[in-house]
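Residues per chain, in single letters:
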Amino acid sequence: MGMRVLAIDAGNSKTDVALIDADGTVLGAARGGGFRPPAVGVEVAMHMLATTVEEAHLAAGGPGPLRVEHVSACLANADLPVEERELAAALTARGWGASVSVHNDTFAILRAGLPVGAEPCGVAVVCGAGINCVGMTPDGRTARFPAIGKISGDWGGGGGLAEEALFFAARAEDGRGEATALASALPDHFGLSSMYELIEGLHLGRIPVVRLHELSPVLFEVAAAGDKVARSLVERQAEEIVALATVALGRLGLLEVETPVLLGGGVLAARHPQLDDGVRERLAARAPKAVPLVVTASPVLGAGLLGLDRVSAPDEAYVRLRAQYP
C-alpha cells in the first residue's frame, strides 16, 4: 500500500483527483465533472467520482486495485456534519484507503492558502458557483455555516449572481424595474435579441440551465462599464463576502489578531477590480487585522496538504507538493 494519499477536491462544476506519495510527489492526476449528490444521489455521485479516481490511478501507472494510506476528500455539498459522515461512509465503502477524512471543499482553499510552516489558523471564503466560509484555529476550533442557499441565509456566488442579473434584466425590459444594460447584455451573450427570448429559451430548455454560470462574467463586464444596477449587485457580493469573513473571525476570537483571510473560488480568483477593492475596503474597516489573500492554486492542493498532515509527512513533502501546484 505504501504511505500514499488520495487527494480529492470535488466541486459543483469540476472534480480534481491526485494520487500523492508521502514525499509530496504527485504520482498521477485526473479531472472529472462536478460532484452533486443532492441532484443525482450519493451513489451516482460516488460512481462518477470513482471514474475520475480510476483515471488518476491509471495515470500513476498502478495496476491492480487502488489502495492508499489515507483518502483526503474536500467535497462540495458536504455542508452539514451529517452529510460529511454520510459521504465519509460512502468513500470508506469504496475501500481505497486505510483511513478517510471528509471536509467541506472550502477547507481545501483554507489549507492551500496558508503559507508553508504557518499554523493552521485563518478564515477562507469561497465564492465560486456558490458561496461559503470556514475558519479554523490551531487548537482545533472551527467556524462554519450551513451554506445550503437562501434557506440558510446565503446570497451570491456565480449562480446566485446570474439569477439576480436575470431578475433585474427581465424587469428592466418589461418596465417593472430600473433600466440596466444587463437587459441587452445577457441575451446578447446567447446570440438573442431580447430578455423575452432568453426567458423563453431557458424555460423551454433550449438553453441548458447549466449555462447560467456564463452570465456571472457578463455581469462583471456590465458593472465595469458603469451600469448602476450591475454595480449594485457587485457591491452586495462584496458585502456578503466580508460579512461571512468577519462573523467567522469574531466567532473564533480573531478580530484583534493578525489573521489571513483566504479568498478563493472562480469569482474571487478572477480579481474583478470592483469586487476585489470592495472586499478589501470593507475588511479594512471591520477587521483591520485581517490579511486578505487571493488563492489561485488548485484546491486539490489543499486536499493533498490535509492528507499529508494525516500521514505525518516530512516538511520537505509539503514544499515538494506545493511546487507542483504553483
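Look up a bit, the structure's there.
Residues numbered from 1 in each chain as written. Predicted model: local features only at pLDDT ≥ 70, side-chain atom pairs only at ≥ 80, totals over all residues. Heavy atoms only, no water.

Student: Just to check I follow, could you spell out the sheet that holds strand S6 (residues 122–127) for this structure?
Tutor: In a beta sheet, neighbouring strands are held together by backbone hydrogen bonds and run either parallel or antiparallel to one another. Within the open sheet, the five strands sit side by side as S8-S7-S6-S9-S10. Their pairing is mixed. A strand with exactly one partner marks an edge of an open sheet, and here the two such strands are strand S8 (142–144) and strand S10 (290–294). On average, adjacent strands in this sheet sit at an angle of 15° to one another, irrespective of strand direction. As paired elements, S6 and strand S7 (residues 131–136) share six bridges and run antiparallel to each other. Looking at the pairing, Ala124 lines up with Val134 of S7. Lying over the sheet, helix H9 (residues 228–251) contacts S6, S7, S8, strand S9 (259–264) and S10, oriented at roughly 155° with respect to S6. (Pairing = 2+ DSSP bridges. Helix = DSSP H or I, 4+ residues; strand = E, 2+ residues; numbered from the N terminus. Axes fitted to C-alpha atoms, helices over the stretch in contact; angles between N-to-C directions. Contact = heavy atoms within 4.5 Å.)

Student: Is there a simple way to think about unusual backbone geometry in this case?
Tutor: In terms of backbone geometry, most residues other than glycine have negative phi values and most peptide bonds are trans. Unusually for a residue other than glycine, Ala147 sits at a positive phi of about 55°. Here Ala147 shows up in the loop between S8 and helix H5 (157–174). Its identity as a non-glycine residue notwithstanding, Arg271 has a phi of 55°, on the positive side. Looking at the element boundaries, Arg271 is found in the loop between helix H10 (266–269) and helix H11 (273–286). A residue is classified by how much of its surface remains accessible, and Arg271, at 41% relative accessible area, is partly exposed. (Buried < 20%, exposed > 50% of the residue type's maximum accessible area, 1.4 Å probe, protein only.)

Student: Quick question: what am I supposed to make of helix H2 (residues 42–59) here?
Tutor: Residues spaced three or four apart along an α-helix face the same direction, because each turn holds 3.6 residues. Between the first and last C-alpha of H2 there are 26 Å, a value that for 18 residues agrees with the 26 Å anticipated at 1.5 Å per step. Among the structural elements, strand S1 (5–10), strand S2 (14–20), strand S3 (26–33), helix H1 (37–40) and helix H3 (81–94) are those in contact with the buried residues of H2. With its phi angle positive at about 80°, Gly61 sits one or two positions after the end of H2. (Expected span 1.5 Å × (residues − 1).)

Student: Help me out: how do you make sense of the pattern of salt bridges in this one?
Tutor: Note on pairing: side chains with opposite charge can pair once their charged atoms come close. Evaluated as defined, the whole model comprises 15 salt bridges. Salt-bridge contacts for Arg176 lead to Asp174; the nearest nitrogen and oxygen are separated by 2.8 Å. For Asp174, a relative accessible area of 46% translates into the label partly exposed. Note that Glu239 and Arg282 form a salt bridge whose closest N and O atoms lie 2.9 Å from each other. Separated by 43 residues along the polypeptide, Glu239 in helix H9 and Arg282 in helix H11 bring together distant segments of the chain. (Salt bridge = Lys/Arg side-chain N within 4 Å of Asp/Glu carboxyl O.)

Student: Help me understand the packing of H5 against helix H6 (residues 182–189) in this model?
Tutor: The description of two helices packed together rests on the angle between their axes and the distance between the axes. As a packed pair, H5 and H6 sit with axes 8 Å apart at the nearest point and diverge in direction by 115°. In this structure, H5 crosses over H6, and the sense of that crossing is left-handed. In contact with Ala165, Leu166, Ala169, Ala172 and Glu173 of H5, H6 contributes Leu182, Ala183 and Leu186. Residues belonging to the contact of H5 with H6 are distributed by class as follows: seven nonpolar, no polar and one charged. (Left-handed = near helix turned anticlockwise from the far one by under 90°. Nonpolar A, V, L, I, M, F, W, Y, C, P; charged D, E, K, R; others polar.)

Student: Honestly, the nonpolar core in this entry has me stumped. Any pointers?
Tutor: Nonpolar side chains in soluble globular proteins tend to be buried together. Core analysis: the largest hydrophobic core is formed by 55 residues, its most contacted members being Leu182, Leu186, Ile241 and Leu275. Counting residues per element, this core draws most heavily on H9, at 11 residues. The residues contacting Leu275, other than those within four sequence positions of it, are Phe220, Val234, Gln237, Ala238, Ile241, Val267 and Leu268. The next biggest cluster of nonpolar side chains, apart from the first, holds 30 residues, and it includes Ala112, Val300, Ala303 and Ala317. (Core = buried A, V, L, I, M, F, W, Y, C linked by side-chain atoms within 4.5 Å.)

Student: Any chance you could explain the sheet that holds strand S4 (residues 68–75) here in plain terms?
Tutor: Spatially, the five strands line up as an open sheet ordered S3-S2-S1-S4-S5, and their pairing is mixed. The sheet is open, and its two edges are formed by S3 and strand S5 (97–104), each paired on a single side. With strand direction ignored, the average angle separating the axes of adjacent strands in the sheet is 15°. Relative to S2, S1 is paired through six bridges, and the arrangement is antiparallel. Paired with Ala10 across the two strands is Thr15, which belongs to S2. Seen against the sheet, helix H4 (residues 106–113) touches S1, S4 and S5 and runs at an angle of roughly 95° to S5.

Student: Mind showing me how you'd approach the side chain of Arg282 here?
Tutor: We classify Arg282 as buried; its relative accessible area is 17%. A distance of 2.8 Å separates polar atoms of two side chains, one belonging to Arg282 and the other to Glu235. Residue contacts for Arg282: discarding those within four places in its chain leaves Glu235, Ala238, Glu239 and Val242. (Polar contact = N/O pair within 3.5 Å; in protein donor to acceptor, adjacent residues only side chain to side chain.)

Student: Just checking my understanding: could you explain the side chain of Glu84 for this structure?
Tutor: With respect to the helices, strands and loops of the structure, Glu84 is situated in helix H3. You can call Glu84 buried: its relative accessible area is 14%. At 3.5 Å, the side chain of Glu84 forms a polar contact with the backbone nitrogen of Asn104. The contact partners of Glu84, leaving out residues within four places of it in the chain, are Ala78, Val102, His103, Asn104 and Arg144.

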